Every structure is written in C-alpha cells, then in structure tokens.
There are 2 protein chains.
Amino acid sequence: MRFDLATAVSPLPGSDSGSGPGSYSGAIHPSWDIRGNANGGYLVAMAARAMSDRLGRPDPATITAHFLSPGLVGPVEVSTEIVKEGRMFGTATATMRPVAPADAVDASGSAPAPRPIIQVLGAFTDLSDSGAPELVDAAPPVLPPVEECVELTDDAGFSPELFKQIELRMHPDDAYFHVKPSGQALMRGWFRLLDDEPMDTIALLLATDALPPTVFNADLPVSWVPTVELTVHLRSRPVPGWLRCEFRTRFVTGGFLEEDGLVWDESGRLVAQSRQLALLPKI
Amino acid sequence: MRFDLATAVSPLPGSDSGSGPGSYSGAIHPSWDIRGNANGGYLVAMAARAMSDRLGRPDPATITAHFLSPGLVGPVEVSTEIVKEGRMFGTATATMRPVAPADAVDASGSAPAPRPIIQVLGAFTDLSDSGAPELVDAAPPVLPPVEECVELTDDAGFSPELFKQIELRMHPDDAYFHVKPSGQALMRGWFRLLDDEPMDTIALLLATDALPPTVFNADLPVSWVPTVELTVHLRSRPVPGWLRCEFRTRFVTGGFLEEDGLVWDESGRLVAQSRQLALLPKI
C-alpha cells in the first residue's frame, strides 16, 4: 500500500461529529505493524499530516511523540491544537485516539474519550533552502551497494509485516543479529518506500523508526525495547532515491536506552536526525 | 537566589482564579536571563515542577519544550494537562504564559490568553535504580580540576546574568571563544548550583542549557542561536557535587543546528542526555 494513502487524514466537520475543530479522521492500516502494534514512525507521520494541514505548513522542523498505547488496526481520530502561529514556525499539538465503537456511546450521547495512542508536539515550517552558512562534521555511513546489502526476510527471525511495506537493505555487518550479533549497538542500511514512492519530509519520519533496534546487535539479553518518546529534526527535503540510515546506541543505563539516528539522502545531504528513548524491560 | 525557590510553583485554586484545574502560579525571577530572556533550562525546570506535582511523580524521564516567546521577568501561569497515567509513567503537557495585567480583563471579566512562552510535553517516573542490564560506550569528558578551569566573567564578552546564579568552570580549551574560537563546536565544563545547592533531576534541566552555545567555538559568523526545541532524557538522580558537562554540534545545515549534551555526575554516571534544535539566523 502506498505510504501517502496509508497515512492520509481528512478534516472532520466539528459540528457534525461532536469533535472539536481541528480534528481529523484517519485509519491505522494493516501491515504497518510489528507484532500487531503499528510502527511508531508510521503513527507519527499520520499525526504530522494532520498537524501540517491544520497549520498550513508542509515540513515538520522538529517533532516529538510520546507512545502511550498500542496502535491497533482500525479508524483513529487525530485532534490538533494550535499553540502558536509565528512568522517562521507554526507550533501545534496532536492526540491520536482510536475511534470508540458506536456501542460505547452512553445515554447522554457522548462516549468517554478512548485511551490515547500517541501525543505529539511539533513545529512546522517551509524547509526551502535557507542560504545560511553550513558546517558538517560527519559523513554518511559507508554502505556496500544496495544489491550487496541484505534484505531481512522471515529467515531473519525478525521480519515484521512492516518490512513488506518498505524497501530496506541492511549493511551485511549488521544484518545477522538473529544469528550472531555484531557486538556493536549499530544498525545501518538503505531505505526507500515500496516501488520508490516519492518521499516528503513526513515520510522521513518512517525512515527514522524502521530499522531493527540497535540493541539487537549488542550483547544484551533483550527481546524488545518499547519506545517511550521519539524526536525527529528534519533538515531538508530529500532528493529522489535511496536514503542511507545509521542508528546507534551509546548508553544503556537505568533501564533506558537512546537510539540516535542519522538519515542522508542520495545527494549526500543530512535530511533527518532522530533520537528515541526506549525502555529496556527487566528480563 | 536558590534555584528551588526561583523555580517554585503553587497550585491555583481552579474556581477562584478562573484558571482550570491543574494550573500553577510561578514567577520568572530576575537574573536567570541572557540579555533579558530567561534561560530555557530554567523555564523548563519551572514547568517541570508543575507537571511533577500534577502527576505525583518526582522525575522527568523525557521532557520536550518548544520556545515560543521570550520569558520576561514577572508572574507566570503554568497550565498542565494529564495525557495518561500509566503504571510506569505519567505523561502531561504544560503551557507557560505570562499573567496578563489586570487591566487586560475585559467587561465579561475574562482576559484573552497571553502568548505562550513555552509548550512542554513530558513523561514522569520514579528514577530509582532499575536493576536492568547496563552498557555504556562513552566516558565523561576529561576536564582539568575545577580550580584550573575558567570562570566566565564580564571580560569574556559573554557573561549573562545567569552566570552569577550558577557555578560554571569552563575547560580552558573551550573558554576563550570570545578571543579565539577553538575551531571545534564544543563546550565542556564543570557545573553546579550556587553554594552547592543540592540538585534533583529537575535541576539537571538547567545544566543542559547553561553553557555558552557550542557554535561560539566554530568558525561561523554567529552572534546568537535561539533555541526552537529542547529535549532532555534524565537517566539518574545525581549524587552531590559537580557535574561534568559536554556539548557538541556536528550539523549546521539548512539554517538549523543541533546541540547535543551529556551530563555526568561526580560518581561518573551519565545523569542526563540532551539535544536542542537551534536556529542559525541569516547574517
């Protein structure tokens, strides 16, 4: 399924639906999940589409999401609130909730708001070239050509449905975590949408959360690391083609770990920088 | 002035003040500013005190603030909303606004809400030791002893009022940015509150935003870099004593830059990891 359709939202007429102004309907589509829970980047992208529409600005400059309950397949409502409309940025919040089944409506005709899936805060802008001075003290990860990288299939022991919706080719040094972890909390690979669907800055949000968890390559007894919070800075709209992605963890402490991501486009430009805080459950 | 008093808030009785439940009164105190605009970490700490009280949880695990308008000295109101109360985390939003002068109240007795200063989203928890496995792939910055480090005085050409409220001792290699930038977008130093006031996790928020901007040491024509957004992950409560702080920028692109911070306590433990997105204004 095309990513732009899978993350589409449409404004709800406030008076008809009982929703406030700035509410949008959308749906969590099948096959964007990992073990039944929709991918975090996918959910944030859907919320970002609503926020972008509400603010009338195309590009998230910085967006933060907190993950509160599993995103299950089905209709959702994204309610947005404008915090500030400035010259350079529009700032808004968004809450995504499942749409309550009709039988949850009580005698007064109102349903209790279902538990939120994600809560989002973001600043949107127009990421056209700024002409400001630049200084880059890092290079894109060196990856073998796409055709020499590794597609994660069911053999990998970690091949969520999500991987059938994207094109992901892992660095051979990082791809065999299911057999022999590399010993480094590092995941690198090529990413694009299925059939090379064009990517906007909102599609980059998916790329920042699509690779297997870095700690699968560390020598730690870990089976899953649920994300508490994800923040992404978008620096530029990507040129068409493959993205080069690199995710790294340096600090597993106090039951938490960060996962730091860098995403570069085919022109060699940094397009996104991400960090998530994840939980390391006790064994 | 003690930091805990300078960031204190008290709950407003909802019915008396016209404020909703979960609103707190506080004040931006003099001398916590940089050129008249209160320090970002100071503002976030004040909002965090309100959120922590509202949620009944002591420690922010991850907190994100967007900076919307200058924090000027005077009374403020912090309105909080609970997003979710879970087993492990309580999640809330907060909006800090200046308190409108009494003459702004219109005939109906209600005043238009003043422009927000900051908007915050955070997850709070109890950061007691988790017993989870740990893995740390970095060491605290190597700093000369405190007495060999450099106090930034008015001679530095950058000595905001804030620096009289904290004890900051800069690494000699990074301290002379006003005379000769080091050429590396890096700032390192020792930090503690005045008179060694004890620090909780909320006080660490100040430490993540208290050093001079990293780009002052880069070869860039920059006079100021306003923060758009700051996200801090708190990993542990600090032991008493000095903090070792390190801030670094790798990517100045598209008119933006990130500033990545690591804060370690005197026991050598990572206590906070921060990232902010700042604007690089056109010259």
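Provided above is the structure to which this section pertains.
Note that the structure is a prediction, hence the values are computed from the model and not measured. (Residues numbered from 1 in each chain as written. Chains lettered and ligands numbered in written order. Predicted model: local features only at pLDDT ≥ 70, side-chain atom pairs only at ≥ 80, totals over all residues. Heavy atoms only, no water.)

1. Things to note about the relation of the copies chain A and chain B
Of the transformation placing chain A onto chain B, the axial shift is 0.0 Å and the rotation is 180°, giving an RMSD of 0.0 Å. Accordingly, the operation relating the two chain copies is best matched by a two-fold axis. Interface overlap between copies is the fraction of interface residues in one copy that are interface residues in the other; for chain A against chain B it reaches 100%, indicating a shared surface. (Least-squares fit on C-alpha atoms with pLDDT ≥ 70 in both. Contact = heavy atoms within 4.5 Å.)

2. Focus on the interface of chain A and chain B
Chain A puts 57 residues into the contact, and the matching count from chain B is 57 residues. Together, the buried faces of chain A and chain B total about 5300 Å²; carbon and sulfur atoms form 65% of this surface. When the area that chain A buries against chain B is broken down by residue, the three leading residues are Arg235, Phe251 and Arg275 of chain A, summing to 14%. Across the chain A-chain B interface, the total number found is four salt bridges. Between glutamate 258 of chain A and arginine 235 of chain B there is a salt bridge; the shortest N-O distance is 3.2 Å. Between chain A and chain B we count 20 residue pairs in polar contact (both at pLDDT 80 or more) in total. (Buried area = accessible area lost by both parts, 1.4 Å probe. Salt bridge = Lys/Arg side-chain N within 4 Å of Asp/Glu carboxyl O. Polar contact = N/O pair within 3.5 Å; in protein donor to acceptor, adjacent residues only side chain to side chain.)

3. Quick notes on the environment of glutamate 246 of chain B
Residue and element names in this part refer to chain B. Here glutamate 246 is to be found in strand E13 (residues 243–248). Judged by its relative accessible area of 15%, glutamate 246 falls in the buried class. Taking the C-alpha atoms as reference, glutamate 246 lies 9.6 Å from threonine 214; in sequence the two are 32 residues apart. Excluding anything up to four places from it in sequence, glutamate 246 contacts Pro141, Leu186, Met187, Arg188, Asp260, Gly261 and Leu262. (Helix = DSSP H or I, 4+ residues; strand = E, 2+ residues; numbered from the N terminus. Buried < 20%, exposed > 50% of the residue type's maximum accessible area, 1.4 Å probe, protein only.)

4. A look at the pattern of salt bridges
Going through the model one piece at a time under the given rule, you end up with 28 salt bridges over all chains. The salt bridge involving glutamate 246 of chain A is made with arginine 248 of chain A; its shortest N-O contact spans 3.6 Å. Aspartate 126 of chain B serves as the salt-bridge partner of arginine 237 of chain B, at 2.9 Å between the closest nitrogen and oxygen. Here aspartate 126 of chain B lies in the loop between strand E8 (118–125) and strand E9 (135–136) and arginine 237 of chain B lies in the loop between strand E12 (227–234) and E13, a separation of 111 residues in the sequence. Given the relative accessible area of 38%, arginine 237 of chain B is considered partly exposed. Connected through salt bridges with shared partners, the residues Asp260 and Arg275 of chain A together with Asp260 and Arg275 of chain B form a single ionic network.

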